[in-house]
Amino acid sequence: MDLFADFIEGHYLPNKADFSRQMSARTPKRPLPILSPARFGNPTLELIDTINTQCAKLPYKTDPMWGLTDYYTHHETVQYEIEYNTRNEPYDCDDLANYAFELACSAGVYPSNCRIWNLIIAPVNQISQAWANHVISAFKYVNHQGEWWAVIDTNTAYNKTVFWHLGTEEQAKTRFIQQFSGIYKVNYYKILAVTPPFK
């Protein structure tokens, strides 16, 4: 039993999604572009790279108050702000992850091949490392080598390099926990799947 993860999944994330929908109710919106078509519900390499490039258009800043008052900006509001240059403040990792997820879906990728993942700091480190709780998007891609998982986040967007892992979803989660722990020099212990807030 993991009471901390149960609290995040059962209370914090649903409340965050509800708050996000409330905040987006009256924001201006524009339809998402189809950056590159999916292939039979699966992302192509071109689409994944194009989404990563598109996400680099979002100016980034870490969450205020370590995400305690955080919410997702609606993806169509992000698109509106990009097109009309109306954003007065940076976006955070949640906004980028949801935007990437929805861009993939708008291109025809089946939602079953897309993820929003929450990287969670171990409970014993939450006080000192809470700033590093992170949200990323992940996409299942299959070729002759097998099943791959591609991750897009603030790091990949601004460094112009998508993170990849060859293996199952659970293997990919383990790999990306290690990778992001190394990037931020913190102790991630679990990835939680996030229900898309605007579905």
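Preceding this paragraph is the structure being described.
Note that this is a predicted model, so its numbers are computed, not measured.

K.L.:
Explain the pairing of strand β1 (residues 114-121) to me, please; I cannot follow it from the model alone.
P.N.:
Both faces of the sheet carry side chains from a regular strand, because those side chains alternate between them. Most of β1 sits out of view: 8 of its 8 residues are buried. Relative to strand β2 (residues 134-143), β1 runs antiparallel, the two being bridged by 6 bridges. In the sheet register, Ile116 faces β2, and the bridge partner there is Ser137. Inspection of the sheet shows β1 paired to strand β5 (residues 188-193) by 5 bridges, in the antiparallel sense. When the bridges of β5 are listed, Trp117 appears paired with Ala193.

K.L.:
Please explain the pattern of salt bridges as it appears in this structure.
P.N.:
When charged atoms on two side chains of opposite charge get close, those side chains can pair. The final tally for this structure, using the stated rule, is 9 salt bridges. The partner of Asp70 in a salt bridge is Lys16, with the nearest N and O atoms 3.6 Å apart. Of the two residues, Asp70 is situated in the loop between α2 (45-55) and α3 (75-84) and Lys16 in helix α1 (residues 3-24); the sequence distance between them amounts to 54 residues. Judged on exposure class, the residue Asp70 and its partner Lys16 are both buried. Salt-bridge contacts for Arg30 lead to Glu83; the nearest nitrogen and oxygen are separated by 2.9 Å. Here Glu83 lies in helix α3 and Arg30 lies in the loop between α1 and α2, a separation of 53 residues in the sequence. Judged by its relative accessible area of 33%, Arg30 is partly exposed.

K.L.:
Can you help me understand the nonpolar core in this one?
P.N.:
Counting residues in each nonpolar core, the largest one holds 37 residues, and the members touching the most others are Ile51, Cys55, Tyr99, Cys114, Ile116 and Ile152. Looking at which element gives the most residues to this core, the answer is helix α4 (residues 93-106), with 9 residues. Setting aside its immediate chain neighbours within four residues, Cys55 contacts Leu96, Tyr99, Ala100, Ile152, Ala157 and Tyr158. Ranked by size, the runner-up nonpolar core spans 16 residues in total, among them Ala132, Phe180, Val186 and Tyr188.

K.L.:
Help me out: how do you make sense of the side chain of His134 in this one?
P.N.:
Tracing the backbone shows His134 in strand β2. Leave out the neighbours within four places in its chain, and His134 touches Cys93, Trp117, Asn118, Leu119, Asp153, Thr154, Asn155, Phe180, Tyr184 and Tyr188.

K.L.:
Before we go on, may I ask you to explain the packing of α2 against α4 in this structure?
P.N.:
Packed helices, taken two at a time, are described by the angle between their axes plus the distance between the axes. α4 packs onto α2 with a crossing angle of 140° between their chain directions and a minimal axis gap of 10 Å. Between α2 and α4 lies a crossing whose hand is right-handed. Contacts from Ile51, Gln54 and Cys55 of α2 reach α4 at Leu96, Tyr99, Ala100, Leu103 and Ala104. Partitioned by chemical class, the residues of the contact of α2 with α4 number 7 nonpolar, 1 polar and no charged.

K.L.:
Explanation requested: the packing of α3 against α4 in the structure shown.
P.N.:
It is the contact of α3 with α4, at a shortest axis distance of 9 Å, that shows an interaxial angle of 95°. In terms of orientation, α3 lies roughly perpendicular with respect to α4. Packed against α3, whose contacting residues are His75, Val78, Gln79 and Ile82, the element α4 presents Asn98, Tyr99 and Glu102 at the interface. Here the contact of α3 with α4 is composed, by residue class, of 3 nonpolar, 3 polar and 1 charged.

Basis of the calculations
Residues numbered from 1 in each chain as written. Predicted model: local features only at pLDDT ≥ 70, side-chain atom pairs only at ≥ 80, totals over all residues. Heavy atoms only, no water. Buried < 20%, exposed > 50% of the residue type's maximum accessible area, 1.4 Å probe, protein only. Helix = DSSP H or I, 4+ residues; strand = E, 2+ residues; numbered from the N terminus. Pairing = 2+ DSSP bridges. Salt bridge = Lys/Arg side-chain N within 4 Å of Asp/Glu carboxyl O. Core = buried A, V, L, I, M, F, W, Y, C linked by side-chain atoms within 4.5 Å. Contact = heavy atoms within 4.5 Å. Axes fitted to C-alpha atoms, helices over the stretch in contact; angles between N-to-C directions. Left-handed = near helix turned anticlockwise from the far one by under 90°. Nonpolar A, V, L, I, M, F, W, Y, C, P; charged D, E, K, R; others polar. Parallel < 35°, antiparallel > 145°, perpendicular 65-115°, else oblique.

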